[in-house]
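# Examination of the molecular architecture
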Amino acid sequence: MLSNVLINSVIFAQADPLEVSEYFKRHVGHHMLEPADRVRSLTQAAYLNYRDFAGLGLSLIRYGDQVNIRCSEPREIYHFQLVVRGECCWRFQDKHIRMLPGQALMVNAYEQVSLTYSADCEKVIIAVPQALINEICLDQVGSLPREGVMFSSDIINLSESTCLMKLLDALLTEADGSELLGPEHVERPYREILIRKLLQQFSSNVASERDLHANDCSFSSLLAYIEANIRADLSIEELAQVGNVSTRTVYNLFAKYFSVTPKLFIKQAKLQSLRKELAGGKAIRNVTEGALNYGFTHLGRFSSDYRKMFGELPSETLQRSRRS
């Protein structure tokens with residue numbers, strides 16, 4: 001199962017596990033590695049295949065020895081991890097998990113975990129920047145949970161998810177031979193489909209919120225009003241009048257379904273809408289004009305909020321769209 005991928009992207013073969021670990025730290029995510037048996041020397045049997053693809057870090061890794069890994073430093077990256085061979089034992093704050101071949105899970109940004117690789121453990125790991133998860137979440141749901149997107153630590157069996165399995169195989173194959181095609185032709189569509197599939201396949205606080213508000217007609221009408229008047233300076237009182245509810249109810253609805261205040265939801269929705277216009281590259285002459293159109297009068301704060309949400313400055317979004 002995906003055991004022979006990224007064959008044109010070999011970084012190490014028959015190497016020292018510590019050397020592989022140092023490369024992995026720089027390109028995928030910081031961690032600490034130590035031998036499970038501190039008396040015996042590590043074997044020289046580690047290997048790593050790695051490739052950047054549309055902002056994702058794709059890797060096939062094996063340390064070739066039983067090792068312990070600890071991830072404790074903050075990082076703005078989610079990890080999709082799939083065990084191909086051997087086994088991997090995870091230790092989260094609230095539970096322990098043993099993963100076998102064909103099983104996968106999502107590791108959240110900033111999550112503190114430790115794990116043990118068996119000597120024959122081989123894994124496919126896809127590093128997904130937080131900004132990319134945020135972008136797709138905003139597009140699907142319209143807002144981000146206050147605590148950020150959080151996946152559960154439940155594992156899935158890829159044998160029960162044929163579509164995800166085929167998508168991973170296609171993405172890894174395309175990534176390993178994509179030199180002739182630019183990102184606008186191949187890489188971005190693959191990336192977007194993958195992230196949407198991960199949000200759909202793995203349980204998270206995004207899916208539950210989406211399902212909840214879809215069944216509440218009164219709240220859906222408020223969301224539709226915000227979308228129709230996205231450039232306006234909307235107040236809580238105006239939303240209460242539209243929904244024929246009290247201002248307290250408006251606050252409670254957004255707290256219930258999105259874990260954010262109405263004001264924050266509206267700001268996130270404005271940023272998402274403006275990003276779509278900037279990505280179009282034609283309707284807006286410059287970033288300042290676009291920001292003012294949406295009511296962002298403090299341009300420095302606007303740029304900071306935009307970068308935090310999407311991982312790039314608004315000017316970079318506009319420049320990229322004009323090059324395509």
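This report concerns the structure included in the present document. As the structure is a prediction and not an experimental result, all values here were calculated from the model. (Residues numbered from 1 in each chain as written. Predicted model: local features only at pLDDT ≥ 70, side-chain atom pairs only at ≥ 80, totals over all residues. Heavy atoms only, no water.)

Right, let's talk about the side chain of Ser9 for a bit. Take Ser9: it is sitting in the segment before strand 1 (10–15). What Ser9 contacts, discounting residues up to four positions off in sequence, is Leu48, Asn49, Tyr50, Arg51 and Asp176. (Helix = DSSP H or I, 4+ residues; strand = E, 2+ residues; numbered from the N terminus. Contact = heavy atoms within 4.5 Å.)

Time to look at empty space enclosed by the protein. For the structure shown, the criterion picks out one cavity of 30 Å³ or more. Forming the boundary of the largest cavity are 17 residues, of which Phe24, Ile69, Cys71, His79 and Gln81 lie nearest the centre. Elements that contribute at least two residues to the lining of the largest cavity include exactly strand 5 (67–71), strand 6 (77–85), strand 10 (113–117) and strand 11 (122–129). Among the elements that make up the lining of the largest cavity, the one with the highest residue count is strand 10 (three residues). (1 Å grid on protein atoms, 1.4 Å probe; cavity = no way out; pocket = protein on both sides within 12 Å on 5 of 7 lines; lining within 4 Å. Points joined across faces, edges and corners; volume = space filled by probe spheres on them.)

We now examine the sheet that holds strand 3 (residues 46–53). Judged by pairing direction, the sheet is antiparallel, and its seven strands sit side by side in the order 1-3-4-11-6-9-12 without closing on themselves. Both edges of this open sheet fall to strand 1 and strand 12 (156–157), since each of them pairs with a single strand only. With seven bridges joining them, strand 3 and strand 4 (residues 56–62) adopt antiparallel strand pairing. By the bridge assignment, Asn49 is partnered in strand 4 with Leu60. Relative to strand 3, helix 1 (residues 17–27) is tilted by about 15°, and along the sheet it contacts strand 1, strand 3, strand 4 and strand 11. (Pairing = 2+ DSSP bridges. Axes fitted to C-alpha atoms, helices over the stretch in contact; angles between N-to-C directions.)

A few words now on the layout of surface pockets. Roughly 680 Å³ of volume is contained in the largest pocket. What lines the largest pocket is a set of 36 residues, among which Gln130, Asn134, Leu144, Lys308 and Met309 lie closest to the centre. Elements with a contribution of two residues or more to the lining of the largest pocket: helix 2 (130–141), helix 4 (183–201), helix 9 (262–280) and helix 11 (299–310). Looking at side-chain class alone, the lining of the largest pocket contains 16 nonpolar, seven polar and 13 charged residues. (Nonpolar A, V, L, I, M, F, W, Y, C, P; charged D, E, K, R; others polar.)

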